[in-house]
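Inside the fold
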Amino acid sequence: GWAVPCVSTDNRAGARLAVEHLLARGHRRIAHLGGPTELASSADRHDGYDAALRAAGIEPDPAWYLPGPFRFESGYERMLRWIEAGFNCTALFAADDLIAVGALQACQDRGWAVPDRVAIVGFDDVLLARLVRPRLTTVLQPAYQAGMLAWRLLAERMADPAAHPADVVLEPRLVVRETT
């Protein structure tokens, strides 16, 4: 077997950045529209969300967490379900930008002002995050940097098959825009 290096983003740290940003803005009831439960990245983002709340002395309410697919429609439908059930959180951390934009659209369709009624933070910083209005606050995953680094590590591995390349975990960063 050939050991291949893995380049990834610290999903736990990214989720903590998102939730700490919301906490710093005074939010105490922060919901989480999670990703698919079978994905490690989703589990890590949920763990980071939980850890940030607990560090602030807040016990996460299971009713504040709803996992689902990384899809616009999924974010829209889940947020709508929450709104219709009497959503009492003031902020939302979405496990990716498509979910966040879906939730944003659901809020807008129900006349809920973002960020005044509910603040929203996504994850990934895809192009869509800059195109929606209000523009989405999100956690930047350095995808281009990750791709270039993975290519370089693979090239080094091919040049020296005996080498044992180390996995690399990139640090995410928060990009603050208008949804918070």
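This section reports on the structure supplied with the text. Computed from a predicted structure; not experimentally measured. (Residues numbered from 1 in each chain as written. Predicted model: local features only at pLDDT ≥ 70, side-chain atom pairs only at ≥ 80, totals over all residues. Heavy atoms only, no water.)

**Considerations on helix α2 (residues 40-55)**
Turn by turn, an α-helix covers 3.6 residues, leaving residues three or four places apart pointing in a common direction. Which entries qualify depends on this criterion: Segments assigned H or I by DSSP are reported as helices when at least four residues long, segments assigned E as strands when at least two residues long, and all are numbered from the N terminus. Working rule for helices: expected span equals 1.5 Å times residues minus one. Only protein chains enter the accessibility calculation, which uses a 1.4 Å probe; a residue whose area is less than 20% of its type maximum is buried, one above 50% is exposed, and one in between is partly exposed. Two residues form a contact once any of their heavy atoms are found within 4.5 Å.
Between its first and last C-alpha atoms α2 spans 22 Å; for 16 residues at 1.5 Å apiece the expected length is 22 Å, and the two agree. Within the span of α2, buried status applies to Ser42, Asp44, Arg45, His46, Gly48, Tyr49, Asp50, Ala52 and Leu53. Contact partners of the buried residues in α2: α1 (11-24), β2 (30-33), β3 (65-66), β4 (91-94) and β5 (119-124). Remark: Gly57 follows α2 within two positions and exhibits a positive phi of approximately 80 degrees.

**A short note on the sheet that holds β3**
Picture the strands of a sheet paired through backbone hydrogen bonds; they go either parallel or antiparallel. Threshold: Paired strands, in this sense, are two strands between which DSSP finds at least two bridges.
An order of β3-β2-β4-β5-β6-β8 is seen for the six strands of this open sheet, with the pairing classed as mixed. Taken across any chain shown, the strands that pair with only one partner, and hence form the sheet edges, are β3 and β8 (173-175).

**What about the side chain of Ser74?**
Test applied: What qualifies as a polar contact is a pair of N or O atoms within 3.5 Å, subject to a donor-acceptor requirement within protein and to the restriction that residues adjacent in sequence count only when both atoms come from side chains.
Along the polypeptide, Ser74 turns up in helix α3 (residues 72-84). A polar contact of 2.8 Å, which involves the side chain of Ser74, links it to the side chain of Arg78. Residues contacting Ser74, with those up to four places away along its chain left out, are Gly68 and Pro69.

**Description of the pairing of β5**
Keep this limit in mind: Here, the term right-handed applies to a crossover whose path from the first strand over the helix to the second runs clockwise when the strands point away from the viewer.
The buried fraction of β5 is high, at six of six residues. As paired strands, β4 and β5 are joined by three bridges and run parallel to one another. Across the sheet, the residue bridging to Leu92 is Ile120, located in β5. What joins β4 to β5 is helix α4 (residues 97-109), and the crossover it makes is right-handed. Where β5 and strand β6 (residues 137-140) come together, four bridges link them in parallel fashion. Counted as the bridge partner of Val121 is Thr137 from β6.

**Some thoughts on the pattern of salt bridges**
When the charged atoms of two side chains lie near each other, side chains of opposite charge can form a pair. Convention followed: We define a salt bridge as a contact between a side-chain nitrogen of Lys or Arg and a carboxyl oxygen of Asp or Glu at a distance within 4 Å.
What the rule picks out here adds up to ten salt bridges. The partner of Arg110 in a salt bridge is Glu84, with the nearest N and O atoms 2.8 Å apart. Within this pair, whereas Arg110 is found in the loop between α4 and β5, its partner Glu84 is found in helix α3, the two being separated by 26 residues in sequence. In the salt-bridge network here, residues are joined through shared partners; they are Arg12, Asp44 and Asp47.

All quantities given are derived from atomic positions and should not be read as evidence of function.
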